[in-house]
Structure formats: C-alpha cells, structure tokens
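# A structural walkthrough
Chain residues, written in single-letter form:
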Amino acid sequence: MNDLTHQVAEAVDVIGRHLPERPQVGIVLGTGLGALAEEVLDPVVLDFAEIPHFAVSTALGHAGRLVCGHWHGRQVMVMNGRLHAYEGYSRHQITLPVRVMATLGAQRLIASNASGGLNP
C-alpha cells in the first residue's frame, strides 16, 4: 500500500466512525460560501485537525471543518474551507480530502471558489 493510499485509509477510518450514512455528494466550499455549511441538517462536524493527514486551512474565512449531514435531500460531506497551494501544501495534501470523499462513497463533487477578477 503506498503512502497516499494509507493516508486516505486512515482518514476514512476516523471519519467513517462518525457517519450514520455514507455521503452521496462531496462539496468543497470556497471563499464566501462558508454559510452553506450551516444549512446542513443533522450535522456531524469534524475539524480538519481531528482527521489524520488533513492539512489545516490557513486562509482567512476558511473554517477548516468537515460538515456531514443532509442537504436538499442528499447525504453530503462539505469541506467548509479548502486548502491552497499558496499555503505551502502539496498536491497530495490538497487533494486528499476529495480522495477521502470518494472512498467514503461520494459519487459527485461540487467545487466552488471566488474569482478575484474576470475579463468581460
């Protein structure tokens, strides 16, 4: 088992102990959308720091929490805050939570972000 596979398995083990149901949808919230996590019903909340191998978000406004529960009739796993390369994290660290979501059963991923500027 390679290192990344092992890290995913350890994170899945810890998160899975807290989940009453497997997630159908993974959601990654970017800047300005953190309030969506408050809409999750029957939430199970884990700080990134409580999950093995999850990096802790240092970006302003990113809560660094995993919120699992029901949202609009679906079982969801929401990253309330995400990780960035400019925080010094590797691609493996940044993508680990998405790999964990998929391993836990999420078959769909919704990723959001804030764009600083667009050329019309």
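Look up a bit, the structure's there.
In what follows, the accompanying structure is described. (Residues numbered from 1 in each chain as written. Predicted model: local features only at pLDDT ≥ 70, side-chain atom pairs only at ≥ 80, totals over all residues. Heavy atoms only, no water.)

### Structural notes on the overall build of the protein
Our working rule: Here a helix means four or more residues in a row that DSSP labels H or I, a strand means two or more in a row labelled E, and each is numbered from the N terminus. Both definitions apply: the radius of gyration is a C-alpha atom measure, and the globule rule equals 2.2 Å times residues to the power 0.38. When accessible area is computed with a 1.4 Å probe and restricted to protein chains, residues below 20% of their type maximum are described as buried, those above 50% as exposed, and intermediate ones as partly exposed. What makes two residues a contact is simply this: any of their non-hydrogen atoms within 4.5 Å. Using the Shrake-Rupley algorithm and a 1.4 Å probe, accessible areas are obtained, with residue cover drawn only from the displayed protein chains. By the counting scheme adopted, Arg and Lys are positive, Glu and Asp are negative, and His together with the chain ends is not counted. The atom standing in for a charge is NZ when the residue is Lys, CZ when it is Arg, CG when it is Asp and CD when it is Glu.
Looking only at helices and strands, the protein has two helices and five strands in total. In terms of overall size, the protein behaves like a compact globule, its C-alpha atoms giving a radius of gyration of 14 Å where 120 residues would be expected to give roughly 14 Å. Taken along its principal axes, the extent of the C-alpha atoms in the protein is 45 × 35 × 25 Å. Here the protein, with 120 residues, has 41% of them falling under the buried criterion. Within the protein, residue pairs in contact and separated by at least 24 positions form 73% of the contacts whose partners lie at least 6 positions apart. Accessible surface computed for the protein: about 7,000 Å², of which carbon and sulfur atoms make up 52%. The positive charge centre, built from 8 side chains, and the negative charge centre, built from 10, are 9 Å apart in the protein.

### With respect to the pairing of strand β4 (residues 74-80)
Operational definition: A pair of strands is labelled paired if DSSP reports no fewer than 2 bridges between them.
For β4, a buried count of six out of seven residues is recorded, marking the element as mostly surrounded by other parts of the structure. Where strand β1 (residues 25-29) meets β4, five bridges bridge the pair, whose relative direction is parallel. Within the sheet, the bridge partner assigned to glycine 26 lies in β4 and is methionine 77. Pairing analysis gives seven bridges linking strand β3 (residues 65-71) to β4, with the strands arranged antiparallel. Residue pairing across strands places leucine 66 opposite methionine 79, the latter belonging to β4.

### A short note on the environment of serine 112
For serine 112, the position within the fold is in the segment after β5 (108-111). What makes serine 112 buried here is its relative accessible area of 18%. Separated by 95 residues in the primary sequence, serine 112 and arginine 17 place their C-alpha atoms 27 Å from one another. With near-sequence residues (within four places) excluded, serine 112 lies in contact with Val28, Leu29, Gly30, Leu33 and Arg82.

### Looking at the sheet that holds β3
As a reminder of what qualifies: Think of each axis as a best-fit line through the C-alpha atoms, taken over the contacting stretch in the case of a helix, with angles from 0 to 180 degrees between the N-to-C directions.
Spatial ordering of the open sheet is given by β2-β3-β4-β1-β5, a layout of five strands whose pairing is mixed. Edge positions in the sheet fall to β2 (41-47) and β5, since each has one partner strand and no second. Across the sheet, the mean angle separating the axes of adjacent strands is 20 degrees when strand polarity is ignored. In the sheet, β2 pairs with β3 via five bridges, with the strands oriented antiparallel. Pairing of valine 44 across the sheet is with cysteine 68, part of β3.

### Thoughts on the pattern of salt bridges
Put simply, the rule is: Here, a salt bridge means any side-chain nitrogen of Lys or Arg that lies within 4 Å of a carboxyl oxygen of Asp or Glu.
This structure, assessed with the given rule, holds two salt bridges. Linking arginine 65 and glutamate 38 is a salt bridge whose minimum nitrogen-to-oxygen distance equals 3.1 Å. Highlighted residues: arginine 65 in strand β3 and glutamate 38 in the loop between β1 and β2, separated in sequence by 27 residues. A relative accessible area of 58% places glutamate 38 in the exposed class.

### A word on the nonpolar core
Heads up, the condition is: Buried residues of nine kinds, namely Ala, Val, Leu, Ile, Met, Phe, Trp, Tyr and Cys, make up a nonpolar core once their side-chain atoms join them within 4.5 Å.
With 20 residues, the main nonpolar core has Ile15, Ile51, Phe54, Leu66, Met77, Val100 and Leu104 as its most contacted residues. Only α1 (3-16), β3, β4 and α2 (91-104) provide two or more residues apiece to this core. Looking at this core element by element, the count peaks at five residues for α1. What valine 100 contacts, discounting residues up to four positions off in sequence, is Val8, Ala11, Val12, Ile15 and Phe54. Formed by nine residues, the second largest nonpolar core is a distinct cluster that contains Ile27, Leu36, Val67 and Val78.

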